[in-house]
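Each chain, letter by letter, is given below.
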Amino acid sequence: VKMAMDEIDGEVEPNHGEYSEHLILESTIATKHPEIFKVKCKVKKFASLVNKAHRSQYFTISGVPMRILFYPRGMNNYGDSYCSFFLECDTSQGDAHICFELAVENSNPSLSECKPVYHHFTSRSADWGFRDMVKVSTMTSPDSGWLDRGDARLQVTVRVLNELEAQEFSFFKDATAWIYDSKTETGYVGLKNQGATCYMNSLLQALYHIPALRRAVYQMPTEQETKRRRTEASRSRTHSALVVRREEGRDGEDESVALALQRVFFRLQTSHSCVGTTQLTKSFGWDSLDAFTQHDVQELDRVLCDNLEEKMKGTSVEGTVPRLLRGKLKNFVSCLHVDYKSERVEEFYDLSLNVKGCRGVVESLRKYVEREKLDGDNKYMAEGHGLQDAEKGCSFLHFPPVLHLHLKRFEYDPMRDANVKINDRFEFHDEMDLSEFLEGGVPSDDEDLAALGSLLGGGDVRGGGESGGESTSSEGDGDGDGDGD
């Protein structure tokens, strides 16, 4: 939604003060959040501008007149200077608490320079921003994407805070959280990190974005535990959602995990802010130290799925976990010179794929099924035939509707006697044809066809019409570095 620059939130632009003809306000975009606005501005003929302050016309957001203050050659007159970018407020009607983000845009959005910050604007501190945004030499470099026909493009994202919100910000100093509303922008929210629980959060988001599994979790029987918690809440005059108590014995513990996971999924679906996981980790029996300890995500995945599978037994959703996540593969050893072959069929809920030396999922899967020669000192002992040259390998008999892949990004380094993270690029596509990895090269039924299209995503899984998604997180650079005068 675009609005004329002389009318923002229904207020007439004051249009006072001098402004530069090179700094042109183009549009104000109202976001899905009623208090967050984006203002776009063009810097005409950037490369030819002299080193002085350029101010835009005033615009008014939430009753506060403000404008852009821009130094195309920066505030330092030496070396390879940076352009400087500030927000300036008219505080004649009072102070203003503002969270805002200053951005110099590139034609490639991933290269745009964006810096979020909060400032309390007063008569003594009427402008705030960043002295070092982008190097001038970088901006003017041919084909760098910073200039569009010689013009630079700026964007300011603004949210004016009331007194209560300003007090709340003083406790949680994260400007990005105030100017970017995940729920309204994407329809999704994230999970809070308790200290070192990012691995668990990524797992929970992956499971949440399988619609059929999410619905099955909601249908797990937890009514008795809910009733007990409501009774405890009424006695203590505390809301039942805040009562956390680990039940004695295995049955009670299973119920705690089930109910806590239901609450996390429900809040991910309905909350407008990030969701906590403390209640869930308490149901695991974890203390605060565990929350600051990096656990193995693959092990947690298997334990949690086993817990859910056990909890669903005897209910209308029994078998949901294996139906969605379980596949089958065949391990074999085939002798080369005698007629002997050993085969063993195994079930799997996830696959561990190598990252090092592989460009992506398909290449890693090819290594997974690559045949190994058993010869020389490593010959195979074939029953009735003695030591024989042979080939060892595996092939997939059945892919599940949701193929869960575990990327092996850590490798033991004997020189350091420690695990080292592998940060190599690893690619996957929205759609991949994995028929080459199935025995015979053809899926056995329609379910396998569904598996080929839903790899690594939260796409529509059989039994539901909801679409999933992928959760991402972005962090801004530090605080502003002073005023512009």
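Our subject is the structure that appears above.
Presented here is an overview of the structure given in this document. Here the residue index of a chain counts from 1 through its sequence in written order. Thresholds applied to this predicted model are a pLDDT of at least 70 for local features of residues and 80 or more for the giving and counting of side-chain atom pairs; totals over whole chains, interfaces and linings are not thresholded and use all residues. Neither water nor hydrogens contribute to the side-chain values; these are computed over all heavy atoms in the structure.

## Quick look at the overall build of the protein chain
Here is step 1: Going along the chain from the N terminus, every DSSP run of H or I of four or more residues is numbered as a helix, and every run of E of two or more is numbered as a strand. Tallying secondary structure elements over the protein chain gives 14 helices and 24 strands in all.
Here is step 2: Burial classes: relative accessible area under 20% of the type maximum marks a residue as buried, over 50% as exposed, and values in between as partly exposed (1.4 Å probe, protein chains only). For the protein chain, the residues scored as buried account for 45% of the 485 residues in total.
Here is step 3: Throughout, the Shrake-Rupley method with a 1.4 Å probe supplies accessible areas, and for residues the shown protein chains are the sole cover considered. Entry remark: accessible area of the protein chain is about 26200 Å², with carbon and sulfur atoms responsible for 46%.

## Thoughts on the packing of helix H5 (residues 198–208) against helix H11 (residues 297–312)
Here is step 1: At their nearest, the axes of H5 and H11 sit 10 Å apart, and the two run at 45° to each other. In terms of orientation, H5 lies oblique with respect to H11. Remark: the crossing between H5 and H11 carries right-handed chirality. For the pair H5 and H11, contact is made by Tyr199, Met200, Leu203, Leu204 and Leu207 and by Val297, Leu300, Asp301 and Leu304, respectively.
Here is step 2: Note on residue categories: nonpolar means Ala, Val, Leu, Ile, Met, Phe, Trp, Tyr, Cys or Pro, charged means Asp, Glu, Lys or Arg, and polar means any other residue, Gly included. Of the residues contributing to the contact of H5 with H11, the split by class is 8 nonpolar, no polar and 1 charged. Axes here mean lines fitted to C-alpha atoms, for a helix over just the part in contact, with angles spanning 0 to 180 degrees between N-to-C directions. Should an angle fall under 35 degrees it is taken as roughly parallel, and over 145 as roughly antiparallel, whereas 65 to 115 is taken as roughly perpendicular and any remaining angle as oblique. Less than a right angle of anticlockwise turn of the near helix away from the far helix marks a crossing as left-handed, whereas a clockwise turn marks it as right-handed. It only takes one pair of heavy atoms within 4.5 Å for two residues to be counted as in contact.

## Focus on the pattern of salt bridges
Here is step 1: Whenever a carboxyl oxygen of Asp or Glu lies within 4 Å of a side-chain nitrogen of Lys or Arg, that contact is scored as a salt bridge. Scanning the entire structure with this criterion turns up 20 salt bridges.
Here is step 2: Two residues, glutamate 105 and lysine 40, come together in a salt bridge whose shortest N-O distance is 3.0 Å. In this pair, glutamate 105 sits in the loop between strand S10 (96–104) and strand S11 (113–121) while lysine 40 sits in strand S5 (residues 36–43), placing the two residues 65 residues apart along the sequence.
Here is step 3: For glutamate 105, a relative accessible area of 22% puts it in the partly exposed group.

## So, the sheet that holds strand S21 (residues 390–398)
Here is step 1: Strands are labelled as partners when DSSP assigns at least two bridges between them. Strand order across the open sheet formed by 4 strands is S16-S15-S21-S18, with antiparallel pairing between neighbours. Edge positions in the open sheet fall to strand S16 (341–348) and strand S18 (372–374), since each of these has one partner strand only. Taken over all neighbouring pairs, the strand axes of this sheet differ in orientation by 25° on average, direction set aside.
Here is step 2: Pairing geometry for strand S15 (residues 327–335) and S21, over 8 bridges, is antiparallel. Bridge pairing links lysine 330 to serine 395 in S21.

## Re helix H2 (residues 163–171)
Here is step 1: Among the residues of H2, Glu165, Ala166 and Phe169 are the ones counted as buried. On an axial view of H2, the arc spanned by its buried residues comes to 100°, and they lie on one face. Away from its buried face by more than 90 degrees, H2 exposes Glu163, Leu164 and Phe171.
Here is step 2: As for H2, its buried residues are in contact with S10, S11, strand S14 (151–161) and helix H3 (175–179).
Here is step 3: Residues adjacent in sequence count toward polar contacts only when both atoms are side-chain atoms; beyond that, a polar contact is any pair of N or O atoms within 3.5 Å, and within protein one must be able to donate a hydrogen and the other to accept it. The N-capping residue of H2, defined by a side-chain oxygen 3.1 Å from the backbone nitrogen of leucine 164, is asparagine 162. What the arc covers is the set of directions going from the helix axis to the C-beta atoms.

## Points about the nonpolar core
Here is step 1: Residues Met66, Ile68, Phe70, Phe85, Ile98, Phe100 and Leu154 are the most contacted members of the largest nonpolar core, which totals 37 residues.
Here is step 2: Put simply, buried Ala, Val, Leu, Ile, Met, Phe, Trp, Tyr and Cys residues joined by side-chain atoms within 4.5 Å make one nonpolar core. In terms of nonpolar packing, the next biggest core, distinct from the first, is built from 35 residues, Ala212, Leu261, Val321 and Val402 among them.

## Section: the packing of aromatic side chains
Two aromatic rings are characterised by how far apart their centres lie and by the angle between their planes.
Here is step 1: Stacked, tilted and edge-to-face are the three classes assigned to paired rings of Phe, Tyr and Trp, where Trp is represented by its six-membered ring and a pair needs centres within 6.5 Å; plane angles under 30 degrees give stacked, over 60 edge-to-face, the rest tilted. Inspection of the entire model under this criterion finds 11 aromatic pairs.
Here is step 2: Both rings, one in tyrosine 208 and one in phenylalanine 265, keep their centres 5.5 Å apart while their planes meet at 65°; by these two values the pair is edge-to-face. Here phenylalanine 265 lies in helix H8 (residues 249–270) and tyrosine 208 lies in helix H5, a separation of 57 residues in the sequence. In this pair, the class of tyrosine 208 matches that of phenylalanine 265, namely buried.
Here is step 3: Measuring from centroid to centroid gives 5.9 Å for tyrosine 368 and phenylalanine 396, while their planes differ by 25°, and the two rings are stacked. With tyrosine 368 in helix H13 (residues 361–368) and phenylalanine 396 in strand S21, this residue pair connects regions lying 28 residues apart in the sequence.

## Concerning the side chain of aspartate 350
Here is step 1: Along the chain, aspartate 350 falls in the loop between S16 and strand S17 (351–354).
Here is step 2: Residue classification places aspartate 350 among the buried residues on the basis of a relative accessible area of 6%.
Here is step 3: A polar side-chain atom of aspartate 350 sits 2.7 Å from a polar atom in the side chain of glutamine 298.
Here is step 4: In this structure the side chain of aspartate 350 is engaged in a polar contact, spanning 3.0 Å, whose partner is the side chain of arginine 302.
Here is step 5: Beyond its immediate stretch of four places on either side in the chain, aspartate 350 contacts Gln298, Asp301, Arg302 and His404.

## Focus on H5
Residues lying three or four places apart along an α-helix face the same way, a consequence of the helix completing one turn every 3.6 residues.
Here is step 1: Within H5, 8 of the 11 residues are buried, which leaves it mostly tucked inside the rest of the structure.
Here is step 2: Burial in H5 covers these residues: Tyr199, Met200, Asn201, Leu203, Leu204, Gln205, Leu207 and Tyr208.

## So, the pairing of S5
As a general feature of sheets, a regular strand has side chains that alternate between the two faces.
Here is step 1: Of all 8 residues in S5, 6 are buried; the element is thus mostly enclosed.
Here is step 2: Two elements, strand S4 (residues 23–30) and S5, share 7 bridges in a ladder whose sense is antiparallel. Within the sheet, the bridge partner assigned to serine 27 lies in S5 and is lysine 40.
Here is step 3: Counting the residues between successive antiparallel strands, the hairpin from S4 to S5 contains 5 residues.
Here is step 4: Relative to S14, S5 runs antiparallel, the two being bridged by 8 bridges. Note on S14: the bridge partner recorded for phenylalanine 37 is valine 158.

## Description of the environment of valine 297
Here is step 1: By secondary structure assignment, the location of valine 297 is in helix H11.
Here is step 2: A relative accessible area of 25% means that valine 297 is categorised as partly exposed.
Here is step 3: Sequence separation between valine 297 and histidine 406 is 109 residues, and the spatial gap between their C-alpha atoms is 8.8 Å.

## A look at unusual backbone geometry
Here is step 1: In this model, serine 62 sits at a positive phi of 50°, which is unusual for a non-glycine residue.
Here is step 2: Relative to the elements of secondary structure, serine 62 occurs in the loop between strand S7 (59–61) and strand S8 (64–71).
Here is step 3: Of note, the phi angle at aspartate 143 is positive, near 60°, even though the residue is not glycine.
Here is step 4: The topology assignment puts aspartate 143 in the loop between helix H1 (136–139) and strand S13 (147–148).
Here is step 5: On the basis of relative accessibility, which here comes to 83%, the residue aspartate 143 falls in the exposed class.

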